[in-house]
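# Structure at a glance
What follows is each chain in one-letter form.
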Amino acid sequence: MTIRLPDAGGALRTYEPRTEPLTLTPGTPLTSRTVFSAAHVVADPFADTTPDSPAAVDWDATLAFRRHLWSHGLGVAEAMDTAQRGMGLDWAGAAELIRRSAAEARAVGGRIACGVGTDQLTGGTLAGIRAAYEEQLAVVEEAGAQAVLMASRALASAARGPEDYLEVYGHLLRQATEPVVLHWLGPVFDPALEGYWGSSDLDAATGTLLEVVAAHPGKVDGIKVSLLDAGREVGLRRRLPRGVRCYTGDDFDYPELIAGDEQGFSHALLGVFDPLGPLAAEAVRVLDTGDTAGFRALLDPTVALSRHLFQAPTRFYKTGVVFLAWLAGHQSHFTMVGGLQSARSLPHLARAYELADGLGLFPDPKQAEKRMRNLLSLYGVNQ
(Lines give C-alpha, C1' and ligand atoms only; values in the text may rest on other atoms or scores of the structure.)
Protein backbone atom coordinates (compact mmCIF):
# COMPACT_ATOMS: atom_id res chain seq x y z
CA MET A 1 0.00 0.00 0.00
CA THR A 2 1.14 3.51 -0.76
CA ILE A 3 0.00 6.95 0.30
CA ARG A 4 0.15 10.17 -1.69
CA LEU A 5 1.74 13.06 0.19
CA PRO A 6 1.87 16.73 -0.90
CA ASP A 7 5.22 18.44 -1.28
CA ALA A 8 6.10 22.11 -0.87
CA GLY A 9 5.56 22.72 -4.59
CA GLY A 10 1.96 21.52 -4.54
CA ALA A 11 2.60 18.18 -6.24
CA LEU A 12 1.66 14.80 -4.81
CA ARG A 13 4.34 12.15 -4.36
CA THR A 14 3.94 8.48 -3.58
CA TYR A 15 5.25 7.10 -0.31
CA GLU A 16 5.23 3.51 0.93
CA PRO A 17 4.82 3.44 4.73
CA ARG A 18 6.64 1.00 6.98
CA THR A 19 4.76 -2.03 8.12
CA GLU A 20 6.73 -2.69 11.33
CA PRO A 21 7.81 -0.24 14.02
CA LEU A 22 11.22 -0.01 15.60
CA THR A 23 11.05 -2.24 18.67
CA LEU A 24 11.85 -0.13 21.71
CA THR A 25 10.94 -1.21 25.23
CA PRO A 26 11.57 0.42 28.62
CA GLY A 27 15.03 -0.39 29.91
CA THR A 28 17.50 0.33 32.67
CA PRO A 29 17.94 3.87 34.01
CA LEU A 30 20.31 6.17 32.13
CA THR A 31 23.66 6.63 33.83
CA SER A 32 26.21 8.47 31.71
CA ARG A 33 24.05 11.51 30.86
CA THR A 34 21.21 13.40 32.54
CA VAL A 35 18.49 13.57 29.91
CA PHE A 36 15.25 15.54 30.04
CA SER A 37 12.50 15.55 27.46
CA ALA A 38 10.62 18.85 27.34
CA ALA A 39 7.05 17.55 27.13
CA HIS A 40 4.00 18.95 25.34
CA VAL A 41 0.52 19.36 26.79
CA VAL A 42 -2.54 17.62 25.36
CA ALA A 43 -5.46 19.97 24.72
CA ASP A 44 -9.07 19.10 25.52
CA PRO A 45 -10.57 18.91 22.01
CA PHE A 46 -14.15 19.27 23.26
CA ALA A 47 -13.65 22.46 25.26
CA ASP A 48 -15.48 25.51 23.93
CA THR A 49 -12.47 27.82 23.77
CA THR A 50 -10.89 30.47 21.57
CA PRO A 51 -7.20 31.15 20.88
CA ASP A 52 -7.34 34.01 23.41
CA SER A 53 -9.03 32.11 26.24
CA PRO A 54 -7.26 30.12 28.97
CA ALA A 55 -5.99 26.74 27.83
CA ALA A 56 -8.24 23.72 28.28
CA VAL A 57 -5.97 20.75 29.04
CA ASP A 58 -6.78 17.05 28.89
CA TRP A 59 -5.09 16.19 32.17
CA ASP A 60 -5.40 12.40 31.86
CA ALA A 61 -3.73 12.31 28.44
CA THR A 62 -1.12 14.91 29.44
CA LEU A 63 -0.03 12.94 32.51
CA ALA A 64 -0.14 9.63 30.63
CA PHE A 65 2.38 11.03 28.17
CA ARG A 66 4.71 11.95 31.02
CA ARG A 67 4.44 8.41 32.40
CA HIS A 68 5.42 7.18 28.92
CA LEU A 69 8.60 9.29 29.03
CA TRP A 70 9.47 8.25 32.59
CA SER A 71 8.97 4.59 31.73
CA HIS A 72 11.84 4.85 29.25
CA GLY A 73 14.19 6.41 31.81
CA LEU A 74 13.92 10.02 30.66
CA GLY A 75 13.41 12.99 32.92
CA VAL A 76 10.55 15.37 32.16
CA ALA A 77 11.19 19.09 31.72
CA GLU A 78 7.78 20.47 32.57
CA ALA A 79 5.97 23.71 31.77
CA MET A 80 8.63 24.95 29.39
CA ASP A 81 8.60 26.13 25.78
CA THR A 82 7.42 22.76 24.44
CA ALA A 83 4.38 22.98 26.71
CA GLN A 84 3.48 26.23 24.90
CA ARG A 85 4.41 28.62 27.71
CA GLY A 86 3.49 32.04 26.39
CA MET A 87 1.95 30.48 23.26
CA GLY A 88 -1.37 29.17 24.55
CA LEU A 89 -0.54 28.15 28.10
CA ASP A 90 -0.67 31.00 30.63
CA TRP A 91 0.85 31.04 34.11
CA ALA A 92 -2.31 29.79 35.82
CA GLY A 93 -2.39 26.78 33.51
CA ALA A 94 1.34 26.23 33.90
CA ALA A 95 1.09 26.31 37.69
CA GLU A 96 -1.60 23.64 37.61
CA LEU A 97 0.51 21.60 35.20
CA ILE A 98 3.52 21.85 37.52
CA ARG A 99 1.54 20.72 40.55
CA ARG A 100 -0.08 17.79 38.79
CA SER A 101 3.07 16.60 37.02
CA ALA A 102 5.22 16.90 40.14
CA ALA A 103 2.71 14.81 42.09
CA GLU A 104 2.72 12.22 39.29
CA ALA A 105 6.53 12.19 39.30
CA ARG A 106 6.56 11.40 43.01
CA ALA A 107 4.03 8.62 42.50
CA VAL A 108 6.08 6.84 39.83
CA GLY A 109 9.60 7.84 40.87
CA GLY A 110 10.21 10.02 37.81
CA ARG A 111 12.67 12.89 37.56
CA ILE A 112 11.14 16.31 36.90
CA ALA A 113 12.34 19.87 36.43
CA CYS A 114 9.89 22.74 35.93
CA GLY A 115 10.08 26.09 34.23
CA VAL A 116 10.14 29.30 36.28
CA GLY A 117 9.48 32.48 34.35
CA THR A 118 7.63 35.78 34.39
CA ASP A 119 4.82 35.13 31.93
CA GLN A 120 2.17 36.44 34.33
CA LEU A 121 3.58 39.87 33.33
CA THR A 122 3.17 41.81 30.11
CA GLY A 123 5.89 44.31 31.06
CA GLY A 124 7.08 45.72 34.31
CA THR A 125 9.90 47.07 36.40
CA LEU A 126 12.86 45.06 37.64
CA ALA A 127 11.21 44.82 41.05
CA GLY A 128 8.03 43.45 39.46
CA ILE A 129 10.05 40.99 37.40
CA ARG A 130 11.84 39.72 40.52
CA ALA A 131 8.49 39.30 42.26
CA ALA A 132 7.05 37.37 39.30
CA TYR A 133 10.05 35.03 39.23
CA GLU A 134 9.75 34.58 43.01
CA GLU A 135 6.09 33.63 42.75
CA GLN A 136 6.81 30.94 40.17
CA LEU A 137 9.91 29.67 41.98
CA ALA A 138 7.83 29.19 45.12
CA VAL A 139 5.27 27.10 43.22
CA VAL A 140 7.96 24.84 41.74
CA GLU A 141 9.81 24.38 45.04
CA GLU A 142 6.58 23.72 46.96
CA ALA A 143 5.74 21.04 44.37
CA GLY A 144 9.08 19.34 45.10
CA ALA A 145 10.51 19.82 41.60
CA GLN A 146 13.82 21.17 40.37
CA ALA A 147 13.60 24.73 39.05
CA VAL A 148 14.64 25.85 35.58
CA LEU A 149 15.00 29.64 35.51
CA MET A 150 13.74 30.42 32.03
CA ALA A 151 14.61 33.47 29.99
CA SER A 152 12.11 36.29 30.57
CA ARG A 153 10.61 38.44 27.84
CA ALA A 154 9.83 41.06 30.47
CA LEU A 155 13.44 41.14 31.66
CA ALA A 156 14.73 41.33 28.09
CA SER A 157 12.52 44.39 27.60
CA ALA A 158 13.21 46.10 30.93
CA ALA A 159 16.93 45.44 31.43
CA ARG A 160 19.29 48.25 30.49
CA GLY A 161 22.49 46.24 30.61
CA PRO A 162 24.31 43.24 32.09
CA GLU A 163 24.11 44.65 35.61
CA ASP A 164 20.32 44.19 35.63
CA TYR A 165 20.68 40.50 34.80
CA LEU A 166 23.34 40.08 37.48
CA GLU A 167 21.03 41.70 40.02
CA VAL A 168 17.86 39.77 39.13
CA TYR A 169 19.47 36.35 38.79
CA GLY A 170 21.64 36.92 41.85
CA HIS A 171 18.54 37.71 43.88
CA LEU A 172 16.82 34.52 42.71
CA LEU A 173 19.82 32.24 43.21
CA ARG A 174 20.29 33.44 46.76
CA GLN A 175 16.68 32.46 47.45
CA ALA A 176 16.65 29.08 45.70
CA THR A 177 16.68 26.18 48.16
CA GLU A 178 18.20 23.71 45.67
CA PRO A 179 20.54 24.10 42.66
CA VAL A 180 18.68 25.35 39.60
CA VAL A 181 19.15 25.16 35.84
CA LEU A 182 19.66 28.46 34.03
CA HIS A 183 18.10 28.56 30.56
CA TRP A 184 19.49 30.61 27.69
CA LEU A 185 16.84 30.54 24.98
CA GLY A 186 18.02 32.30 21.87
CA PRO A 187 16.00 34.65 19.64
CA VAL A 188 15.67 31.93 16.98
CA PHE A 189 13.17 30.35 19.39
CA ASP A 190 11.69 33.63 20.65
CA PRO A 191 12.54 36.92 18.90
CA ALA A 192 11.54 38.85 22.04
CA LEU A 193 14.68 37.47 23.75
CA GLU A 194 17.13 39.28 21.48
CA GLY A 195 19.99 40.72 23.50
CA TYR A 196 19.51 38.49 26.52
CA TRP A 197 22.14 38.75 29.27
CA GLY A 198 22.48 42.41 28.36
CA SER A 199 24.04 42.27 24.91
CA SER A 200 23.42 41.13 21.33
CA ASP A 201 27.14 40.32 21.22
CA LEU A 202 27.08 36.64 22.15
CA ASP A 203 30.60 36.70 23.53
CA ALA A 204 29.64 39.50 25.93
CA ALA A 205 26.37 37.73 26.81
CA THR A 206 28.29 34.53 27.56
CA GLY A 207 30.59 36.46 29.85
CA THR A 208 27.65 37.81 31.85
CA LEU A 209 26.08 34.36 32.17
CA LEU A 210 29.37 32.89 33.41
CA GLU A 211 29.66 35.76 35.88
CA VAL A 212 26.25 34.85 37.32
CA VAL A 213 27.34 31.23 37.74
CA ALA A 214 30.71 32.08 39.29
CA ALA A 215 29.16 34.46 41.81
CA HIS A 216 26.87 31.77 43.23
CA PRO A 217 28.82 28.52 43.71
CA GLY A 218 26.67 25.53 44.53
CA LYS A 219 23.49 27.25 43.36
CA VAL A 220 23.59 26.31 39.66
CA ASP A 221 23.11 22.69 38.63
CA GLY A 222 23.62 23.49 34.98
CA ILE A 223 23.10 25.75 31.97
CA LYS A 224 20.56 24.82 29.31
CA VAL A 225 21.76 26.29 26.01
CA SER A 226 19.28 26.75 23.15
CA LEU A 227 21.16 28.80 20.57
CA LEU A 228 21.35 26.27 17.72
CA ASP A 229 25.08 26.96 17.54
CA ALA A 230 27.10 23.84 18.38
CA GLY A 231 30.47 25.59 18.40
CA ARG A 232 29.30 28.25 20.81
CA GLU A 233 27.79 25.62 23.10
CA VAL A 234 31.05 23.68 23.20
CA GLY A 235 32.94 26.89 23.97
CA LEU A 236 30.59 27.69 26.86
CA ARG A 237 30.69 24.09 28.10
CA ARG A 238 34.46 24.19 28.42
CA ARG A 239 34.31 27.37 30.51
CA LEU A 240 31.79 26.14 33.08
CA PRO A 241 33.04 25.58 36.63
CA ARG A 242 33.57 21.98 37.69
CA GLY A 243 30.29 20.37 38.71
CA VAL A 244 28.09 22.66 36.59
CA ARG A 245 26.44 20.73 33.77
CA CYS A 246 25.83 21.91 30.23
CA TYR A 247 22.40 20.78 29.02
CA THR A 248 22.14 20.94 25.27
CA GLY A 249 18.99 22.47 23.88
CA ASP A 250 20.37 22.32 20.33
CA ASP A 251 17.78 20.43 18.32
CA PHE A 252 20.05 20.56 15.25
CA ASP A 253 23.30 19.10 16.62
CA TYR A 254 22.37 17.07 19.70
CA PRO A 255 24.05 13.74 18.80
CA GLU A 256 27.55 15.21 18.57
CA LEU A 257 27.02 17.45 21.60
CA ILE A 258 25.76 14.62 23.81
CA ALA A 259 28.51 12.28 22.58
CA GLY A 260 31.06 14.96 23.39
CA ASP A 261 34.80 14.99 22.90
CA GLU A 262 37.98 14.44 24.90
CA GLN A 263 37.28 17.63 26.88
CA GLY A 264 33.70 16.89 27.90
CA PHE A 265 30.11 16.43 26.79
CA SER A 266 26.65 17.90 27.10
CA HIS A 267 23.72 16.48 28.98
CA ALA A 268 20.33 17.07 27.34
CA LEU A 269 17.10 19.00 27.77
CA LEU A 270 15.44 18.82 24.39
CA GLY A 271 12.03 19.38 22.85
CA VAL A 272 12.75 16.88 20.10
CA PHE A 273 13.08 14.17 22.75
CA ASP A 274 9.30 14.41 23.10
CA PRO A 275 8.68 12.50 19.82
CA LEU A 276 12.05 10.71 19.98
CA GLY A 277 11.72 9.65 23.64
CA PRO A 278 12.08 5.85 23.47
CA LEU A 279 14.68 5.96 20.69
CA ALA A 280 16.68 8.68 22.46
CA ALA A 281 16.66 6.70 25.70
CA GLU A 282 17.84 3.56 23.93
CA ALA A 283 20.65 5.51 22.28
CA VAL A 284 21.84 6.89 25.63
CA ARG A 285 21.75 3.40 27.16
CA VAL A 286 24.10 2.32 24.36
CA LEU A 287 26.30 5.30 25.20
CA ASP A 288 26.24 4.23 28.86
CA THR A 289 28.20 1.12 27.79
CA GLY A 290 30.91 3.29 26.21
CA ASP A 291 29.74 2.57 22.66
CA THR A 292 29.80 6.04 21.14
CA ALA A 293 29.60 4.71 17.58
CA GLY A 294 26.49 2.71 18.44
CA PHE A 295 24.95 5.78 20.06
CA ARG A 296 25.59 7.86 16.95
CA ALA A 297 24.27 5.09 14.70
CA LEU A 298 20.95 5.25 16.52
CA LEU A 299 20.64 9.00 16.98
CA ASP A 300 22.28 10.54 13.90
CA PRO A 301 19.44 9.40 11.55
CA THR A 302 16.94 11.36 13.67
CA VAL A 303 18.55 14.73 12.94
CA ALA A 304 16.77 15.18 9.59
CA LEU A 305 13.41 14.92 11.34
CA SER A 306 14.47 17.29 14.10
CA ARG A 307 15.81 19.89 11.68
CA HIS A 308 12.55 19.66 9.77
CA LEU A 309 10.41 20.14 12.88
CA PHE A 310 12.53 23.07 14.07
CA GLN A 311 12.87 24.87 10.74
CA ALA A 312 12.06 28.58 10.75
CA PRO A 313 9.91 29.96 12.25
CA THR A 314 11.45 27.69 14.91
CA ARG A 315 8.94 28.57 17.63
CA PHE A 316 6.27 26.59 15.75
CA TYR A 317 8.11 23.29 16.21
CA LYS A 318 5.49 22.48 18.85
CA THR A 319 2.92 21.85 16.10
CA GLY A 320 5.01 19.05 14.61
CA VAL A 321 5.67 17.58 18.05
CA VAL A 322 1.96 17.32 18.85
CA PHE A 323 1.17 16.07 15.35
CA LEU A 324 3.60 13.18 15.80
CA ALA A 325 2.18 12.41 19.25
CA TRP A 326 -1.24 12.05 17.61
CA LEU A 327 0.09 9.79 14.86
CA ALA A 328 1.93 7.69 17.47
CA GLY A 329 -1.28 7.14 19.44
CA HIS A 330 -0.38 9.17 22.53
CA GLN A 331 -3.52 11.26 22.06
CA SER A 332 -6.76 10.78 20.17
CA HIS A 333 -6.76 14.05 18.22
CA PHE A 334 -4.59 16.69 16.59
CA THR A 335 -5.71 19.74 18.56
CA MET A 336 -3.50 22.18 20.45
CA VAL A 337 -4.08 24.85 23.05
CA GLY A 338 -4.39 28.22 21.40
CA GLY A 339 -5.34 26.58 18.10
CA LEU A 340 -1.66 26.18 17.24
CA GLN A 341 -2.33 23.08 15.13
CA SER A 342 -2.80 25.55 12.27
CA ALA A 343 0.77 26.90 12.56
CA ARG A 344 2.35 24.47 10.08
CA SER A 345 1.34 23.68 6.51
CA LEU A 346 0.08 20.35 5.20
CA PRO A 347 3.30 19.74 3.20
CA HIS A 348 5.33 20.36 6.37
CA LEU A 349 3.24 17.86 8.33
CA ALA A 350 3.36 15.33 5.50
CA ARG A 351 7.15 15.45 5.46
CA ALA A 352 7.23 15.07 9.25
CA TYR A 353 5.08 11.95 8.92
CA GLU A 354 7.35 10.52 6.23
CA LEU A 355 10.54 11.13 8.22
CA ALA A 356 9.11 9.80 11.49
CA ASP A 357 7.66 6.73 9.79
CA GLY A 358 11.00 6.05 8.14
CA LEU A 359 12.61 6.00 11.59
CA GLY A 360 10.03 3.53 12.88
CA LEU A 361 8.78 5.92 15.55
CA PHE A 362 5.12 4.91 15.34
CA PRO A 363 4.23 1.95 17.60
CA ASP A 364 1.34 1.16 15.24
CA PRO A 365 2.31 2.17 11.69
CA LYS A 366 -1.13 1.26 10.34
CA GLN A 367 -2.85 3.57 12.80
CA ALA A 368 -0.43 6.37 11.93
CA GLU A 369 -1.08 5.84 8.22
CA LYS A 370 -4.85 5.88 8.77
CA ARG A 371 -4.66 9.11 10.73
CA MET A 372 -2.43 10.67 8.09
CA ARG A 373 -4.96 9.70 5.40
CA ASN A 374 -7.78 11.23 7.46
CA LEU A 375 -5.87 14.51 7.73
CA LEU A 376 -5.10 14.51 4.02
CA SER A 377 -8.76 13.99 3.20
CA LEU A 378 -9.71 17.08 5.24
CA TYR A 379 -7.43 19.07 2.95
CA GLY A 380 -9.01 17.54 -0.17
CA VAL A 381 -6.27 15.08 -1.00
CA ASN A 382 -7.92 11.99 -2.43
CA GLN A 383 -6.04 8.70 -2.24
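Heads up: these notes are all about the structure in this document. (Residues numbered from 1 in each chain as written. Predicted model: local features only at pLDDT ≥ 70, side-chain atom pairs only at ≥ 80, totals over all residues. Heavy atoms only, no water.)

In the structure shown here, the tally under the stated rule is 15 aromatic pairs. Taking the centre distance of 4.6 Å and the plane angle of 40° together, the rings of Tyr 169 and Trp 197 count as tilted. In this pair, Tyr 169 is assigned in helix α5 (residues 162–175) and Trp 197 in the loop between β7 (180–185) and α6 (202–214), connecting sequence segments 28 residues apart. Trp 197 carries the same exposure label as Tyr 169, and that label is buried. Centroid distance Phe 310 to Tyr 317: 4.2 Å. Interplanar angle 15°. Geometry classified as stacked. Each of the two residues, Phe 310 as well as Tyr 317, counts as buried. (Phe/Tyr/Trp six-rings, centres within 6.5 Å; stacked < 30°, edge-to-face > 60°. Helix = DSSP H or I, 4+ residues; strand = E, 2+ residues; numbered from the N terminus. Buried < 20%, exposed > 50% of the residue type's maximum accessible area, 1.4 Å probe, protein only.)

Our focus in this paragraph is unusual backbone geometry. Between Ala 312 and the following residue, Pro 313, the backbone shows a cis peptide bond with an omega angle of -5°. Relative to the helices and strands, Pro 313 resides in the loop between α11 (303–309) and α12 (317–327). Within the chain, Ala 79 stands out as a residue other than glycine whose phi angle is a positive 55°. In this structure, Ala 79 sits in the loop between β4 (75–78) and α2 (91–108). Positive phi, close to 70°, is recorded for Gln 84, a residue that is not glycine.

Attention now goes to the pairing of strand β10 (residues 267–270). The side chains of a regular strand alternate between the sheet's two faces. Neither face of β10 is exposed, since His 267 and Leu 269 on one face and Ala 268 and Leu 270 on the opposite face are all buried. Judged from the 3 bridges that link them, strand β3 (residues 35–38) and β10 form a sheet pairing that is parallel. Across the sheet, residue Val 35 finds its bridge partner in β10, namely Ala 268. Relative to β10, strand β9 (residues 245–248) runs parallel, the two sharing 2 bridges. (Pairing = 2+ DSSP bridges.)

All right, on to the pattern of salt bridges then. Taken as a whole and judged by the stated rule, the model has 19 salt bridges. Of the charged contacts in the structure, one is a salt bridge between Asp 190 and Arg 153, with a shortest N-O distance of 2.6 Å. One end of the pair, Asp 190, is in the loop between β7 and α6; the other, Arg 153, is in helix α4 (residues 153–158), with 37 residues separating them in the sequence. We note a salt bridge from Arg 232 to Asp 203, for which the minimum N-O separation is 3.0 Å. With Arg 232 in helix α7 (residues 230–239) and Asp 203 in helix α6, this pair connects stretches of sequence that are 29 residues apart. What you see here is one network of salt bridges that share partners, running through Arg 13, Arg 351 and Glu 354. (Salt bridge = Lys/Arg side-chain N within 4 Å of Asp/Glu carboxyl O.)

Turning next to the nonpolar core. One finds Leu 182, Tyr 196, Phe 273 and Phe 323 to be the most contacted residues of the largest nonpolar core, which totals 121 residues. The element contributing the most residues to this core is helix α13 (residues 346–359), with 8 residues. Beyond its immediate chain neighbours, meaning those up to four positions away, Phe 273 contacts Val 35, Phe 36, Ser 37, Leu 69, Leu 74, Tyr 254, Ile 258, Ala 268, Ala 280 and Leu 299. Among the nonpolar cores identified, the runner-up in size contains 10 residues, and Ala 77, Val 148, Val 181 and Tyr 247 belong to it. (Core = buried A, V, L, I, M, F, W, Y, C linked by side-chain atoms within 4.5 Å. Contact = heavy atoms within 4.5 Å.)

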